[in-house]
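Spelled out from the first residue to the last, the chains are:
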Amino acid sequence: MEIKKEEAVFLLKKMMQIRQFEDKIWELLSKNIAQGGSHLYAGEEAVAVGAISVLNPDDYITSTHRGHGHAIAKAGKLPELMAEILGKATGVCKGKGGSLHLADLSQGNLGANGVVGGSLGIATGAGLSIKLRGTKQLVVCFFGDGATNQGIFHESLNMAAKWSLPVVYLCENNLYGMSVSVKRASAVEDLTKKALAYDMPSENIDGMDILAVRKTVRKWVDFARDGKGPSFIVCDSYRYYGHSRSDAKVYRTREEEKFWKGRDPIILFGKKLIEENILQEEEIKGLESEVFDEIEQATKFAMESPLPKPEALYEDLYV
Amino acid sequence: MREITYRQALNEALVEEMERDERVFLMGEDVGPYGGAYGVSKGLIEKFGEERVRDTAISEAAIIGAGLGAAMTGMRPIVEIMYIDFIGICMGQINNQVAKVRYMFGGKTKVPLVIRTEGGTGRTLGAHHSQSLESWFIHIPGIKVVMPATPYDAKGLLKTSIRDDNPILFIEHKMLYNRKGEVPESEYLVPVGEAEVKREGSGVTLITYSQMLFYCLEAAEELEKQGISVEIIDLRTLLPLDIQTIVESVKKTNRAIIVEEDCKTGGTGAEIGMQIMENAFDHLDAPIKRVAGADVPMPKSPNLEKLAIPSKEDIIKAVKEILGK
Ligand SMILES: Cc1ncc(C[n+]2csc(CCOP(=O)(O)OP(=O)(O)O)c2C)c(N)n1
Ligand SMILES: [Mg+2]
């Protein structure tokens with residue numbers, strides 16, 4: 001395995017941050033401290049962390065309704081993200097956005113999105129802007145399997161392919177769009193076929209294996225940076241929690257959940273690092289408790305932060 | 001009389017109409033085994049099967065377009081758009097196709113289509129899941145816009161809407177699904193296009209619909225204790241507007257306030273207020289008032305969200321102002 005210890009620690013820790021962050025949000029939702037909805041990313045950590053880890057800081061991403069993981073992976077600050085989810089004034093979007101709208105433009109995160117497919121056009125346009133401005137940046141556009149049935153998915157892929165835009169379209173296939181399986185929603189189960197219509201190169205990989213994600217995304221990132229155009233990657237993965245708080249998960253089996261949890265991206269990667277003698281078990285435990293403290297601090301910060309002032313209602317509408 | 005929730009009332013309407021007419025079917029995202037995002041279609045797929053209770057892909061434009069095509073060719077579809085916030089994706093289908101085909105084709109087709117959706121504020125879900133977009137649709141001749149507030153009206157109006165040969169946008173409210181109210185066991189219908197006086201009074205007329213009805217009722221209770229008598233009209237249908245009922249009330253109270261959850265500018269109140277001007281100007285003793293939502297995208301923060309829509313206090317204040325108290 002060609003990975004330096006420092007890098008391995010970074011990747012493992014980022015995945016742990018996402019997992020513990022999401023577990024904490026779940027707890028806050030259950031206690032009604034966090035209100036509204038939150039679509040949790042637990043189980044899919046290897047996709048966001050793997051893909052974003054091969055980007056430059058000035059590269060862009062667009063995110064989804066399941067956006068906490070992307071935001072954390074794209075250098076998001078845990079306290080600000082947590083505060084945003086609680087709607088606090090100290091949140092990354094001043095409490096105006098919430099879980100569904102985490103964005104951090106200073107880190108190249110062009111935003112989560114409450115609308116399925118809502119960010120595909122934005123990613124395409126950011127790719128166009130890169131081309132027009134003549135920079136070496138690129139865009140990774142995250143979206144779910146469900147979004148591939150939206151018109152804008154097809155419109156965007158066509159436009160990006162025609163104009164050879166530097167966008168990596170990254171589909172997180174967690175087998176379901178809310179309660180409807182890919183099998184029941186899509187005429188093709190192999191989603192890479194959808195890129196064929198636009199002559200866009202595509203690949204299907206194991207999204208639970210962070211090294212596989214890194215390897216493949218790096219390949220298509222290089223391709224885009226070389227001016228060769230867009231690509232489409234499908235990462236197979238699984239969301240551990242229900243779609244949202246009220247989801248009774250009647251559409252999937254406990255066996256299926258067990259199967260995927262048996263391929264947990266954090267445990268898999270940790271094991272590999274121990275096997276290859278890059279990290280010791282003790283070190284991994286140490287990382288876990290480090291992250292635990294970070295999440296506790298972020299939570300404390302968020303809970304103690306004030307709500308926005310009433311005047312904020314009309315602020316930031318126009319420049 | 002028995003009391004059931006708004007959710008249950010809608011569910012009963014769907015079941016009864018699907019049993020009554022086999023051309024009626026339901027299609028939308030997660031309407032099958034999941035039972036709909038707000039649980040309205042629970043149990044339907046078990047009763048009617050996958051052919052008539054169809055889970056679709058996340059493809060709003062095709063959901064509406066396909067609903068229209070089916071309606072023009074002999075079926076009576078009920079299609080669901082999970083949140084009205086997503087309706088922009090299929091706006092072209094609604095505005096240019098659903099609402100216009102009958103007129104454009106010289107009356108040679110009918111569109112017995114119900115578009116069920118849900119809107120409104122109250123769950124701190126932020127800007128993409130909290131909007132009140134009804135005013136967009138009252139600007140489209142060719143569809144009807146129905147917005148029930150009570151379980152009784154929800155059931156009666158959904159049944160009538162399904163039997164109507166015109167396309168109907170049926171907008172439920174996310175904060176009303178758990179609300180209980182009296183609903184008879186025996187069959188009844190509520191006509192589309194008729195408002196109802198939900199509370200009689202003499203001092204001022206509050207014209208409202210959907211969730212805001214309950215805010216108005218609470219405000220009226222409190223005002224009554226202070227000796228102020230308020231009449232409340234629940235529009236129930238926004239298009240066509242039952243201006244007659246409004247005018248009759250204004251003739252009696254001589255004052256009108258429109259209470260609406262949507263953004264004030266270009267909102268439903270603008271149209272209603274103007275129609276009152278056109279039809280009852282001589283009976284007005286004071287300028288018409290609006291108590292409406294703030295002209296901003298819905299913020300996430302719970303405190304800002306509350307500020308962004310009318311409160312009971314806002315209504316009370318407006319009533320006192322219009323009465324000069
Ligand atoms: C346009 C639109 N339609 C429906 C929804 C409701 N909704 C939110 S997430 C979701 C499922 C999305 O599935 P997928 O794209 O596979 O992403 P996942 O949730 O699995 O990560 C649905 C139907 C929405 N937010 N936007
Ligand atoms: Mg999915």
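No experiment lies behind these values; they were computed from the predicted model shown. (Residues numbered from 1 in each chain as written. Chains lettered and ligands numbered in written order. Predicted model: local features only at pLDDT ≥ 70, side-chain atom pairs only at ≥ 80, totals over all residues. Heavy atoms only, no water.)

A.B. asks: I'm lost on unusual backbone geometry in this one. Help?
C.D. replies: Excluding glycine, a negative phi dihedral is what most residues carry, and trans is how most peptide bonds are arranged. Backbone torsion omega between Leu239(B) and Pro240(B) reads 0 degrees, so that peptide bond is classified as cis. Looking at the secondary structure, you find Pro240(B) in the loop between strand S12 (237-239) and helix H9 (243-253). (Helix = DSSP H or I, 4+ residues; strand = E, 2+ residues; numbered from the N terminus.)

A.B. asks: What's the story with the sheet that holds strand S10 (residues 204-208) of chain B in this structure? I'm lost.
C.D. replies: Within a sheet, neighbouring strands are paired by backbone hydrogen bonds and run either parallel or antiparallel to one another. Residue and element names in this part refer to chain B. Spatially, the five strands line up as an open sheet ordered S9-S11-S10-S13-S14, and their pairing is mixed. Bordering the open sheet on either side are strand S9 (196-199) and strand S14 (289-293), each of which pairs with just one other strand. Averaged over all adjacent pairs, the angle separating strand axes in this sheet is 25 degrees, with direction ignored. One ladder, built from three bridges, connects S10 with strand S13 (residues 256-263); its direction is parallel. If you follow isoleucine 207 over to S13, its bridge partner there is isoleucine 258. Running over the sheet, helix H8 (residues 212-225) touches S9, S10, strand S11 (230-234) and S13 and is turned about 170 degrees from S11. (Pairing = 2+ DSSP bridges. Axes fitted to C-alpha atoms, helices over the stretch in contact; angles between N-to-C directions. Contact = heavy atoms within 4.5 Å.)

A.B. asks: Teacher, can you tell me more about the domain arrangement of chain B here?
C.D. replies: Often the size quoted for an interface is simply the accessible area lost on bringing the parts together. All names here are of chain B. What the domain assignment lists for chain B is domain 1 (3-182) and domain 2 (196-323). Computed from C-alpha atoms alone, the centre-to-centre distance between domain 1 and domain 2 is 26 Å. Each partner contributes to the interface: domain 1 provides 29 residues, whereas domain 2 provides 26 residues. Of the roughly 2200 Å² buried where domain 1 meets domain 2, counting both sides, 60% is carbon and sulfur surface. The three residues of domain 1 that bury the most area against domain 2 are Thr121, Thr124 and Ile138, which together make up 25% of that side's buried surface. On the surface where domain 1 and domain 2 come into contact, there are two salt bridges. Linking aspartate 153 and arginine 236 is a salt bridge whose minimum nitrogen-to-oxygen distance equals 2.9 Å. Across the domain 1-domain 2 interface, the total number found is 14 residue pairs in polar contact (both at pLDDT 80 or more). Only helix H6 (134-138), strand S6 (144-146) and helix H7 (151-163) provide two or more residues apiece to the side of domain 1 that touches domain 2. Of the residues forming the side of domain 1 that touches domain 2, the biggest block, four residues, is contributed by H6. Of the residues in the side of domain 1 that touches domain 2, the class split is 14 nonpolar, 10 polar and five charged. (Domains from an automatic or database assignment. Buried area = accessible area lost by both parts, 1.4 Å probe. Salt bridge = Lys/Arg side-chain N within 4 Å of Asp/Glu carboxyl O. Polar contact = N/O pair within 3.5 Å; in protein donor to acceptor, adjacent residues only side chain to side chain. Nonpolar A, V, L, I, M, F, W, Y, C, P; charged D, E, K, R; others polar.)

A.B. asks: Please clarify how the UniProt feature "domain: Transketolase-like pyrimidine-binding" (unreviewed entry) in chain B should be interpreted in this entry.
C.D. replies: Summarizing the sequence annotation, UniProt attributes the feature "domain: Transketolase-like pyrimidine-binding" (unreviewed entry) to residues 4-179 of chain B in the numbering used throughout. Split by type, residues 4-179 of chain B is 36% helix and 18% strand. Its first and last C-alpha atoms lie 8 Å apart. (UniProt positions renumbered as here; feature names shortened; annotations may be inferred.)

A.B. asks: Help me out: how do you make sense of the site of ligand 1 in this one?
C.D. replies: Looking at ligand 1, there are 23 residues lining it, with His65(A), Arg66(A), Gly114(A), Gly146(A) and Glu60(B) nearest. Between ligand 1 and Gly114(A) there is a distance of 2.8 Å, counted from a nitrogen atom to a backbone nitrogen or oxygen. Out of a free accessible area of 570 Å², ligand 1 has 98% covered by protein chains. Here the residues of the shell around ligand 1 sort into nine nonpolar, nine polar and five charged. (Near = heavy atom within 4 Å. Areas by Shrake-Rupley, 256 points an atom, 1.4 Å probe, with all protein chains shown as cover.)

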